[in-house]
Amino acid sequence: AGSAGAIAFQKVREALKERRIAFEEIGRLETAKNSTVLVAGAGADSETIADLKHSMRLNLPIEPESLLIQHVSWRDKKIVLAYGADPLGLAYALYDLAERITWPGAGTFPFSAIHDIRERPAVRDRSLSIYTMQQTYFEDRLFDETYWSKYLDNLVRNRFNNFSLLFAYESSGYLAPPYPWFFDLPEFPEVKAVGVTKEQQQHYTSSLNRVVQMAHERGLKFTLGIWDHIYDGHSS
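Owing to the predicted nature of the structure, the values given are computational and were not obtained by experimental measurement.

**Student:** Would you take a moment to explain the layout of surface pockets for this structure?
**Tutor:** Over the atoms, a rolled probe matching the size of one water molecule traces out where space is still vacant. Estimates place the volume of the largest pocket at around 860 Å³. The wall of the largest pocket is formed by 36 residues, among which Phe-9, Glu-24, Val-37, Leu-38 and Val-39 lie closest to the centre. Elements with a minimum of two residues in the lining of the largest pocket: helix H1 (3-18), strand S1 (36-42), helix H2 (47-56) and helix H3 (87-101). Broken down by element, the lining of the largest pocket gets its largest block of residues, seven residues, from S1.

Okay, structure coming up:
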């Protein structure tokens, strides 16, 4: 399903373990030993999804980032189908499943709070932006991979599809311009960030690249913006 679906499916695993529900993972529906099966997939290319679509005459969504959660019966098994038209749509579905698995009380069927759902985005671009106003606060986040893992997961859980990071807005000169915090500019040797070493530049660059990578792994687009190139010493 791609990494966006794989990361979201881990949340389903964690929810089942939190409920102390035993489960096994299988590659083919025919090998399922239990009476209840969760089938998760993105796109209609997989053999299992294609078979279910044909035998159940399912109307699978095709719009980008759309999803379907549906209870169906197959032979003697009850199936909960979590389907996304693409990996991000599947991730949306799986985050919903993971949350709903934790709702019922102990001893209750784990999928009892899961209902049939069909969704497609009403708005194409759903973005959240953050700014780099205060150096210590921003660095505390930039260098903390655990923070980004939770933050970006939360964006996907809440149906965002883009994350925007904007430099140099109301920052009293910090990251205005941002370039010398990340790399030297041979064409403009006079452009320096006071006190920023090569090691710090490498730390900034590697950390930012990792945030971009983590966003892309979750199916999110990443937008980098620059509000100010020049700080004149006055509030903008």
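From this point, things continue past the structure.
**Student:** Quick question: what am I supposed to make of the pairing of strand S3 (residues 77-84) here?
**Tutor:** Side chains on a regular strand alternate between the two faces of the sheet. Here S3 lies mainly inside the structure; seven of its eight residues are buried. The pairing of S1 with S3 spans seven bridges and is classified as parallel. When the sheet's bridge partners are listed, Gly-41 is paired in S3 with Tyr-83. For strand S2 (residues 67-74) and S3, the ladder comprises eight bridges, and the chain directions are antiparallel. Bridge assignment links His-71 to a residue of S3, and that residue is Val-80. Remark: two residues form the turn of the hairpin made by S2 and S3, two consecutive strands paired antiparallel; Arg-75 in that turn has positive phi of roughly 55°.

**Student:** Honestly, the pattern of salt bridges in this entry has me stumped. Any pointers?
**Tutor:** When their charged atoms lie close together, side chains carrying opposite charge are able to pair. Within the structure shown, the criterion is met by 14 salt bridges. Across the salt bridge formed by Arg-159 and Glu-119, the nearest N and O atoms sit 3.1 Å from each other. Residue Arg-159 is located in the loop between helix H5 (145-157) and strand S6 (162-167), and its partner Glu-119 is located in strand S4 (residues 117-119); the two are separated by 40 residues in the primary sequence. Accessibility expressed as a relative area gives 18% for Arg-159, which makes it buried.

**Student:** What is the right way to read helix H7 (residues 198-217) from this model?
**Tutor:** Spacing of three or four residues puts side chains on the same side of an α-helix, whose turn is 3.6 residues. Across its 20 residues, H7 extends 28 Å between first and last C-alpha, which sits within 8% of the 28 Å expected from 1.5 Å per residue. For H7, the set of buried residues is Gln-201, Tyr-204, Ser-207, Leu-208, Val-211, Met-214 and Ala-215. One side of H7 carries all its buried residues, which in axial view fall inside an arc of 165°. Of the exposed residues in H7, the ones pointing more than 90 degrees away from its buried face are Lys-198, Glu-199 and Gln-202. Lining the buried residues of H7 we find helix H4 (135-142), H5, S6, helix H6 (179-182) and strand S7 (221-226).

**Student:** Honestly, the sheet that holds S7 in this entry has me stumped. Any pointers?
**Tutor:** Each strand in a sheet pairs with another by means of backbone hydrogen bonds, the pair being arranged parallel or else antiparallel. Strand order in this open sheet of three strands is S5-S6-S7, and the pairing throughout is parallel. Each edge of the open sheet carries a strand with a single partner, namely strand S5 (127-131) and S7. Neighbour-to-neighbour, the strand axes of the sheet open up by a mean angle of 20°, direction not taken into account.

**Student:** Honestly, unusual backbone geometry in this entry has me stumped. Any pointers?
**Tutor:** A negative phi angle is the norm for most residues apart from glycine, just as the trans form is the norm for most peptide bonds. Ala-176 connects to Pro-177 through a cis peptide bond whose omega is 5°. With respect to the element layout, Pro-177 can be found in the loop between S6 and H6. In this model, Arg-57 sits at a positive phi of 55°, which is unusual for a non-glycine residue. Despite not being glycine, Glu-170 has its phi angle at roughly 50°, a positive value.

Rules and cut-offs
Residues numbered from 1 in each chain as written. Predicted model: local features only at pLDDT ≥ 70, side-chain atom pairs only at ≥ 80, totals over all residues. Heavy atoms only, no water. 1 Å grid on protein atoms, 1.4 Å probe; cavity = no way out; pocket = protein on both sides within 12 Å on 5 of 7 lines; lining within 4 Å. Points joined across faces, edges and corners; volume = space filled by probe spheres on them. Helix = DSSP H or I, 4+ residues; strand = E, 2+ residues; numbered from the N terminus. Buried < 20%, exposed > 50% of the residue type's maximum accessible area, 1.4 Å probe, protein only. Pairing = 2+ DSSP bridges. Salt bridge = Lys/Arg side-chain N within 4 Å of Asp/Glu carboxyl O. Expected span 1.5 Å × (residues − 1). Arc of directions from axis to C-beta. Contact = heavy atoms within 4.5 Å. Axes fitted to C-alpha atoms, helices over the stretch in contact; angles between N-to-C directions.

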